[in-house]
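A structural walkthrough
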Amino acid sequence: FIKAGEIITDSKNNIYVTDDYAFSIKKFSPKGLLLNEFGRRGKRDGEFNAFLFRLICSNDTLAVSELGGARVQFFSSDWKFINAFSVAGTIVDIAFDKKGRMYTSIMPFDQKEGYVLLYDKKGRFITTVVRGGPSNKHGLNMSQLAVDRNNNLVIANHFMNQIEVYDEHQKNIAKFKVHGLPDQSVTIQSQYKEIGSVPQGEIIK
């Protein structure tokens, strides 16, 4: 590896690891034998124009997003291209639910858009997750996503001490803080007005 990044497994326990500076994904057997390497730098399907930022797997379908981008590409476990689509903002995180749909955490192009959106397998927008109390300092609203075995969505803010849980119908069922952590990260005002306040260090990772 030049720089190992994301790590996931498929249903057969094969291991996939992104090699960020090589713009590729390496596939290993459960025992660590290198089976294949996919991807390269470029702008076509199956290629990447920036570092591989997020890699997730559901039912042996791989989804890959790039750093600073809005596009997600989908592949089979043997790297056959399935499809690609762009979401409504710069991707912060992605997560499959148990139905094969994809939640995306974004920094929206338009601040009127939501911060967590749900798309179907073909990239059609389904709904926005209406979150309770996002900060008016937009930079603080960046969040990490996970889906549990009951198909609940868990949203953890990077820069605020706040974790939210939603059921598969996007209804809020829990909201809590982690004891002992500050309420939010310290911020400084950017010299660029459109960026606003810039957080200085993560609260939850």
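Before reading further, recall that the structure is shown in the block above.
Before going into details, it helps to say that this report is about the structure given with it. As the structure is a computational prediction, the values presented were derived from the model and not from experiment.

1. Brief notes about the overall build of the protein
A tally of helices and strands in the protein yields 0 helices and 18 strands. Taking 2.2 N^0.38 as the reference for a compact globule, 205 residues should give roughly 17 Å; the C-alpha atoms of the protein span a radius of gyration of 17 Å, in line with that estimate. Reported as C-alpha extents along the three principal axes, the dimensions of the protein are approximately 45 × 40 × 35 Å. A total of 205 residues make up the protein; the buried ones form 49% of that total. In the protein, the share of contacts with a sequence separation of at least 24, taken over all contacts with a separation of at least 6, comes to 34%. Surface exposure of the protein reaches about 11000 Å², of which carbon and sulfur atoms provide 52%.

2. A word on the sheet that holds strand 2 (residues 15-19)
Here 4 strands make up an open sheet; going across it, the order is 1-2-3-4 and the pairing antiparallel. Each of the sheet's edge strands pairs with one partner strand only, and the pair in question is strand 1 (4-9) and strand 4 (34-38). Each strand axis lies, on average, 20 degrees off the axis of its neighbour in the sheet, ignoring direction.

3. Some points on a nonpolar patch on the surface
Together, Ile2, Tyr21, Phe51 and Leu67 give the surface a local cluster of nonpolar side chains, amounting to about 390 Å² of exposed area. Checked against the element boundaries, Ile2 lands in the segment before strand 1. Residue Ile2 is classed as exposed on the basis of its relative accessible area of 58%.

Definitions and limits used
Residues numbered from 1 in each chain as written. Predicted model: local features only at pLDDT ≥ 70, side-chain atom pairs only at ≥ 80, totals over all residues. Heavy atoms only, no water. Helix = DSSP H or I, 4+ residues; strand = E, 2+ residues; numbered from the N terminus. Rg over C-alpha atoms; globule rule 2.2 N^0.38 Å. Buried < 20%, exposed > 50% of the residue type's maximum accessible area, 1.4 Å probe, protein only. Contact = heavy atoms within 4.5 Å. Areas by Shrake-Rupley, 256 points an atom, 1.4 Å probe, with all protein chains shown as cover. Pairing = 2+ DSSP bridges. Axes fitted to C-alpha atoms, helices over the stretch in contact; angles between N-to-C directions. Patch = residues over 30% accessible without salt bridge, like charges linked within 9 Å, V, L, I, M, F, W, Y side chains within 5 Å. Salt bridge = Lys/Arg side-chain N within 4 Å of Asp/Glu carboxyl O.

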